[in-house]
Amino acid sequence: QVQLAESGGGLVQPGGSLRLSCAASGSIFSINTMGWYRQDPGKERELVAVITSGGRTNYADSVKGRFTISRDNAKNTVYLQMNSLKPEDTAVYCCNVDQSGWRFWGRGIQVTVSS
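Residues numbered from 1 in each chain as written. Predicted model: local features only at pLDDT ≥ 70, side-chain atom pairs only at ≥ 80, totals over all residues. Heavy atoms only, no water.

A.B. asks: Residues and numbers for the state of the cysteines, please.
C.D. replies: Applying the stated criterion across every chain yields a total of 1 disulfide. Between the sulfur atoms of Cys-22 and its disulfide mate Cys-95 the distance is 2.1 Å. When the S-S torsion is -85°, as for the bridge of Cys-22 with Cys-95, the disulfide is left-handed. Here Cys-22, found in strand 3 (residues 18-26), pairs with Cys-95, found in strand 9 (residues 91-99); they are 73 residues apart in sequence, far enough to count as distant. A residue is classified by how much of its surface remains accessible, and Cys-22, at 0% relative accessible area, is buried. A relative accessible area of 0% means that Cys-95 is categorised as buried. With no disulfide of its own, Cys-94 lies 8.7 Å from the sulfur of Cys-95, the closest cysteine sulfur. Here Cys-94 falls in the buried class, since its relative accessible area comes to 14%. (Disulfide = S-S within 2.5 Å. Helix = DSSP H or I, 4+ residues; strand = E, 2+ residues; numbered from the N terminus. Buried < 20%, exposed > 50% of the residue type's maximum accessible area, 1.4 Å probe, protein only.)

A.B. asks: Tell me about the pattern of salt bridges, and please be specific about residues and values.
C.D. replies: A side chain with one charge may pair with a side chain of the opposite charge, provided their charged atoms come close. Scanning the model with the defined rule gives 4 salt bridges in all. One salt bridge in this structure joins Lys-64 and Asp-61, with 3.1 Å as the shortest N-O distance. Among the charged side chains, a network of salt bridges with common partners joins Arg-38, Glu-46, Arg-66 and Asp-89. (Salt bridge = Lys/Arg side-chain N within 4 Å of Asp/Glu carboxyl O.)

Printed below as a string of structure tokens:
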């Protein structure tokens, strides 16, 4: 089993920034893709950004140019730097990792963008 611990969420004003972190622990031997998803009540969960073990990234169109995903393989941690936040970015953000085809999810962390 792999456990994921997310941190860094909270309340921020429009135009502000937040940095999310997700640290993986447990039975780790070869994590492939790490990523962030988000879900707002009444909406489907959507991909925000993913990063492969080799550093290739992919972003949702809605966050391109504002969010940056990165990872520290030595620490088994993935980050999401969120800049120029908008009210529509408000959601629960969940960390996801893929290890040998098995997918693990964090509990999620609330991000609220409001004045």
